Amino acid sequence: MNTDFFGERLKAVRKSKRLTQLGLANRLDVSKGTVSAYEQGLSYPSLETFVKICGILDTSADYLLGVSDNLPFKMGGLTEEQVGSILQFVSLIEHANEITNSHDSH
């Protein structure tokens, strides 16, 4: 799996589907910590679990692995540029939250 893309794209698609880590974990029959580890790039799902992720999130393996930049789902009739902006915004918010959380834990 492409370690540069998988965790980031998994998180973005999960959030776009309004699923929490726990919600996805329950549907995959894994722990919330396992989903968190996938998103952080600390571990990767088995092939069977990966196929389930694609089905649950209604997304393609190519997109999650970074083989393709085509989002395989529609976000309310938005243009590709608008969707890209939204995903970048989500990524920026997550990054800001990580910085805030790391400062809070010190």
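These notes cover the structure that comes with them. (Residues numbered from 1 in each chain as written. Predicted model: local features only at pLDDT ≥ 70, side-chain atom pairs only at ≥ 80, totals over all residues. Heavy atoms only, no water.)

**Thoughts on helix H4 (residues 47–57)**
Those residues of H4 that sit buried are Thr 49, Phe 50, Ile 53, Cys 54, Ile 56 and Leu 57. Those residues of H4 hidden inside the fold are in contact with helix H1 (6–16), helix H2 (21–28), helix H3 (32–40) and helix H5 (61–65). Just downstream of H4 lies Asp 58, where phi reads positive at about 50°. (Buried < 20%, exposed > 50% of the residue type's maximum accessible area, 1.4 Å probe, protein only. Helix = DSSP H or I, 4+ residues; strand = E, 2+ residues; numbered from the N terminus. Contact = heavy atoms within 4.5 Å.)

**Regarding the pattern of salt bridges**
Evaluated as defined, the whole model comprises one salt bridge. For Arg 14, the salt bridge goes to Glu 39, with nearest N and O atoms at 2.4 Å. Note that Arg 14 is positioned in helix H1 and Glu 39 in helix H3, a separation of 25 residues in sequence. Given a relative accessible area of 5%, Arg 14 falls into the buried group. Judged by relative accessible area, which is 7%, Glu 39 ranks as buried. (Salt bridge = Lys/Arg side-chain N within 4 Å of Asp/Glu carboxyl O.)

**Description of the nonpolar core**
If you look at the biggest cluster of nonpolar residues, it comprises 19 residues, and the most contacted ones within it are Phe 6, Leu 10, Leu 24, Ile 53, Leu 57 and Leu 64. For this core, the elements supplying multiple residues, two or more each, are H1, H2, H3, H4 and H5. At five residues, H4 tops the list of elements feeding residues into this core. Aside from chain neighbours lying at most four places away, what touches Leu 10 is Leu 24, Tyr 38, Glu 39, Ile 53, Leu 57 and Leu 64. (Core = buried A, V, L, I, M, F, W, Y, C linked by side-chain atoms within 4.5 Å.)

**Things to note about the packing of aromatic side chains**
Two numbers describe a pair of aromatic rings. These are the distance of the centres and the angle of the planes. On inspection of all chains with the given rule, the structure shows two aromatic pairs. Taking the centre distance of 5.8 Å and the plane angle of 50° together, the rings of Phe 6 and Phe 50 count as tilted. You can see Phe 6 sitting in helix H1 and its partner Phe 50 sitting in helix H4, a full 44 residues away along the chain. You can call Phe 6 buried: its relative accessible area is 0%. For Phe 50, a relative accessible area of 5% corresponds to the buried category. Linked through ring pairs, Phe 6, Tyr 44 and Phe 50 together constitute an aromatic cluster. Geometry around Tyr 63 places Arg 9 over its ring, the cationic atom sitting 4.3 Å from the centre. (Phe/Tyr/Trp six-rings, centres within 6.5 Å; stacked < 30°, edge-to-face > 60°. Lys NZ or Arg CZ within 6 Å of the ring centre and 35° of its normal.)

**Here's the deal with the packing of H2 against H4**
Where H2 contacts H4, the two axes come as close as 10 Å, and the packing angle between them is 120°. On the basis of their axis angle, the class for H2 and H4 is oblique. With respect to the hand of their crossing, H2 and H4 are arranged in right-handed fashion. Here H2 contributes Leu 24, Arg 27 and Leu 28 to the contact with H4, which in turn contributes Thr 49, Lys 52, Ile 53, Ile 56 and Leu 57. Taken together, the residues of the contact of H2 with H4 break down into five nonpolar, one polar and two charged. (Axes fitted to C-alpha atoms, helices over the stretch in contact; angles between N-to-C directions. Parallel < 35°, antiparallel > 145°, perpendicular 65-115°, else oblique. Left-handed = near helix turned anticlockwise from the far one by under 90°. Nonpolar A, V, L, I, M, F, W, Y, C, P; charged D, E, K, R; others polar.)

Fair warning: the whole summary comes from geometry, so function is off the table for now.
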